[in-house]
Amino acid sequence: MSSSPSSRPTSETRLSLSHITAQNETNLLGTVHGGVIMTLVDSVAGVVAARHSGGPAVTASMDEMVFLVPVRVGDVVHFSGQVNWTGRSSMEVGVRITADRWDSVGPQVHVASAYLVFVAVDADGRPREVPQVVPQTDEERRRMREAEIRRSHRLARRAAIIASREETAREEAAREQAEHAGTEEAALQENTR
């Protein structure tokens, strides 16, 4: 097993991929399925995460996927991915998606953005440590700050859901206890008649 560096610059594991969309990738509206774009996003992000972590990494969540404009048949779709943030074994990979026409020269249009969380795993599927990402530009530092905001929102949402489930369990237990007590009292009254 090779040892990973303790840190790695964002630029070292960036990846760009271009894909020409085809007729078989369209939905009933004649635009490219969002799922096709999401599959390519996950593939690009997975390569970035594996490169950064120095081995296998699995998708833990798609934190956010925002579609801005439709992708049409014949568009050349460009996916640019990079690690925005790292934890102990997890990392956020951001993917920016742009498109332009295959048959004309024109500006690329920003069509979507996605943020995915990956966990680096060892041969047994257990989380393993990842090198810390080192942002080197103002843009990379902005991306890291925004990734930390998304992470804090994920953690707060998870804590709120757990608290809600615990409250529901307490309410159900209290209701069952009250019903049981009511049933016992009714039985006692029946027996005393």
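Residues numbered from 1 in each chain as written. Predicted model: local features only at pLDDT ≥ 70, side-chain atom pairs only at ≥ 80, totals over all residues. Heavy atoms only, no water.

J.: Which parts of the structure should I look at to understand a nonpolar patch on the surface?
T.: A grouping of Val 66, Leu 68, Val 69 and Val 109 is seen on the molecular surface, where their side chains present a nonpolar patch of about 280 Å² in accessible area. Structurally, Val 66 can be placed in strand 3 (residues 57–67). (Patch = residues over 30% accessible without salt bridge, like charges linked within 9 Å, V, L, I, M, F, W, Y side chains within 5 Å. Areas by Shrake-Rupley, 256 points an atom, 1.4 Å probe, with all protein chains shown as cover. Salt bridge = Lys/Arg side-chain N within 4 Å of Asp/Glu carboxyl O. Helix = DSSP H or I, 4+ residues; strand = E, 2+ residues; numbered from the N terminus.)

J.: Even after reading the chapter, I still don't get a negative patch on the surface, so can you show me in this structure?
T.: On the surface, Glu 171, Glu 172, Glu 176 and Glu 179 cluster together into a negatively charged patch. Locating Glu 172 in the fold gives a position in helix 2 (residues 138–191). Glu 172 gets classed as partly exposed once you look at its relative accessible area, which sits at 38%. (Lys, Arg positive; Asp, Glu negative; His and termini not counted. Charge placed at Lys NZ, Arg CZ, Asp CG, Glu CD. Buried < 20%, exposed > 50% of the residue type's maximum accessible area, 1.4 Å probe, protein only.)

J.: Which parts of the structure should I look at to understand the pattern of salt bridges?
T.: Note on pairing: side chains with opposite charge can pair once their charged atoms come close. In the structure shown here, the tally under the stated rule is 13 salt bridges. In this structure, Asp 75 engages Arg 72 in a salt bridge whose closest nitrogen and oxygen atoms are separated by 3.8 Å. Classification of Arg 72 as partly exposed rests on a relative accessible area of 44%. Between Arg 170 and Glu 167 there is a salt bridge, and its shortest N-O distance comes to 2.7 Å. Taken together, the positions of Arg 170 and Glu 167, both in helix 2 and three residues apart, correspond to about one turn of that helix. Within the structure, one salt-bridge network assembled from shared partners comprises Glu 139, Arg 142, Arg 143 and Glu 146.

J.: What's the story with the environment of Thr 26 in this structure? I'm lost.
T.: Residue placement: Thr 26 occurs in the loop between strand 2 (15–20) and helix 1 (34–53). Each C-alpha atom of the pair Thr 26 and Arg 72 lies 7.9 Å from the other, and the pair is 46 residues apart in sequence.

J.: What's the story with helix 1 in this structure? I'm lost.
T.: The periodicity of an α-helix, 3.6 residues per turn, causes residues three or four positions apart to be oriented the same way. When the terminal C-alpha atoms of helix 1 are compared, their 28 Å separation across 20 residues agrees well with the 28 Å that a helix rising 1.5 Å per residue should span. Every buried residue belonging to helix 1 is among Val 36, Ile 37, Leu 40, Val 41, Val 44, Ala 45, Gly 46, Val 48, Ala 49, His 52 and Ser 53, and all of these are buried. Trailing helix 1 by a residue or two, Gly 54 shows a phi angle of about 75°, which is positive. (Expected span 1.5 Å × (residues − 1).)

J.: Could you clarify how one ought to interpret the nonpolar core in this entry?
T.: Ranked by size, the top nonpolar core spans 31 residues in total, and within it Ile 37, Val 41, Phe 79, Val 93, Val 95 and Ile 97 carry the most contacts. Only helix 1, strand 4 (75–86), strand 5 (90–101), strand 6 (109–120) and helix 2 provide two or more residues apiece to this core. Of the residues forming this core, the biggest block, eight residues, is contributed by helix 1. (Core = buried A, V, L, I, M, F, W, Y, C linked by side-chain atoms within 4.5 Å.)

J.: Any chance you could explain the side chain of Thr 13 here in plain terms?
T.: As for its position among the elements, Thr 13 is in the loop between strand 1 (7–9) and strand 2. Residues in contact with Thr 13, not counting those within four places in the same chain, are Arg 8, Val 48, Arg 51, His 52 and Val 83. (Contact = heavy atoms within 4.5 Å.)

J.: I'm lost on the sheet that holds strand 2 in this one. Help?
T.: In a beta sheet, neighbouring strands are held together by backbone hydrogen bonds and run either parallel or antiparallel to one another. Read from one edge to the other, the open sheet built from five strands follows the order 2-4-5-6-3, with strand pairing classed as antiparallel. The sheet is open, and its two edges are formed by strand 2 and strand 3, each paired on a single side. With direction set aside, neighbouring strand axes in the sheet form an average angle of 20°. Here six bridges tie strand 2 to strand 4, and the two strands are oriented antiparallel to one another. Across the sheet, the residue bridging to Leu 17 is Phe 79, located in strand 4. Contacts from helix 1 reach strand 2, strand 3, strand 4, strand 5 and strand 6, with the element oriented near 135° to strand 3. (Pairing = 2+ DSSP bridges. Axes fitted to C-alpha atoms, helices over the stretch in contact; angles between N-to-C directions.)

Keep in mind these values describe shape, not function.
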